[in-house]
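Below, each chain spelled out in residue letters.
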Amino acid sequence: MFIHTRLAQIVFLQDPGISPNTNGLPGLPALRQMVGALLTFSLVICVAAFVISAAAWAMGSFNNNAHYAGKGKTGCLVAAGAAILIGSANGLIRFFSGIHIN
């Protein structure tokens, strides 16, 4: 109990009292639009990487080439994982930072 209270005091003392705002910098709407476009491009690239990796996996399996089939499987997993992270980036950042910007 004492450790928890002491930790809360330390965290409170280290808080600088600065919070993000939506009107602090000019051009913030343009930056948000650019980041949104970057998210879209990134997801399109993930889809293309997934398709290419699936084709490599299929060709490697068809030709009995375990190396290409393994690389294709890895590429599919990496592309799917990247798409999951990119798609959920907004929610993840909002969850872990505690910022609720409308």
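Residues numbered from 1 in each chain as written. Predicted model: local features only at pLDDT ≥ 70, side-chain atom pairs only at ≥ 80, totals over all residues. Heavy atoms only, no water.

A. Looking closely at the overall build of the chain. Helix and strand content of the chain: four helices and zero strands. For the chain, the sequential pattern of α-helices and β-strands runs α-α-α-α. Counting over 102 residues, the chain shows a buried share of 10%. Put simply, of all contacts in the chain between residues at least 6 apart along the chain, 43% involve residues at least 24 apart. Summing over all exposed atoms, the chain offers an accessible surface of approximately 8500 Å²; the carbon and sulfur share of this is 72%. (Helix = DSSP H or I, 4+ residues; strand = E, 2+ residues; numbered from the N terminus. Buried < 20%, exposed > 50% of the residue type's maximum accessible area, 1.4 Å probe, protein only. Contact = heavy atoms within 4.5 Å. Areas by Shrake-Rupley, 256 points an atom, 1.4 Å probe, with all protein chains shown as cover.)

B. A look at the packing of aromatic side chains. Under the defined criterion, the tally for this structure stands at one aromatic pair. Residues F95 and F96 carry aromatic rings whose centres are separated by 4.9 Å and whose planes lie at 80° to one another, so their mutual orientation is edge-to-face. Of the residues examined, F96 reaches a relative accessible area of 65% and is grouped as exposed. (Phe/Tyr/Trp six-rings, centres within 6.5 Å; stacked < 30°, edge-to-face > 60°.)

C. How the structure looks around the confidence of the model for the chain. Summarising the model, the chain shows a mean pLDDT of 84, and 76% of its residues fall at 70 or more. Per-element averaging of pLDDT across the chain places helix α1 (residues 2–14) at the bottom with 59 and helix α3 (residues 66–87) at the top with 96. (pLDDT = per-residue confidence, 0-100.)

D. Summary view of unusual backbone geometry. With a phi close to 55°, N64 is a non-glycine residue in the positive phi region. Relative to the helices and strands, N64 is located in the loop between α2 (28–62) and α3. For N64, a relative accessible area of 72% corresponds to the exposed category.

E. Up close: the packing of α2 against α3. Interaxial distance between α2 and α3 falls to 7 Å at its minimum, and their mutual angle equals 160°. In terms of orientation, α2 and α3 fall into the roughly antiparallel class. In this structure, the crossing between α2 and α3 has a hand that is left-handed. Residues L39, S42, L43, C46, A49, F50, S53, A54, A56, W57, G60 and S61 of α2 pack against Y68, A69, G72, K73, G75, C76, A79, A80, A82, A83, I86 and G87 of α3. (Axes fitted to C-alpha atoms, helices over the stretch in contact; angles between N-to-C directions. Parallel < 35°, antiparallel > 145°, perpendicular 65-115°, else oblique. Left-handed = near helix turned anticlockwise from the far one by under 90°.)

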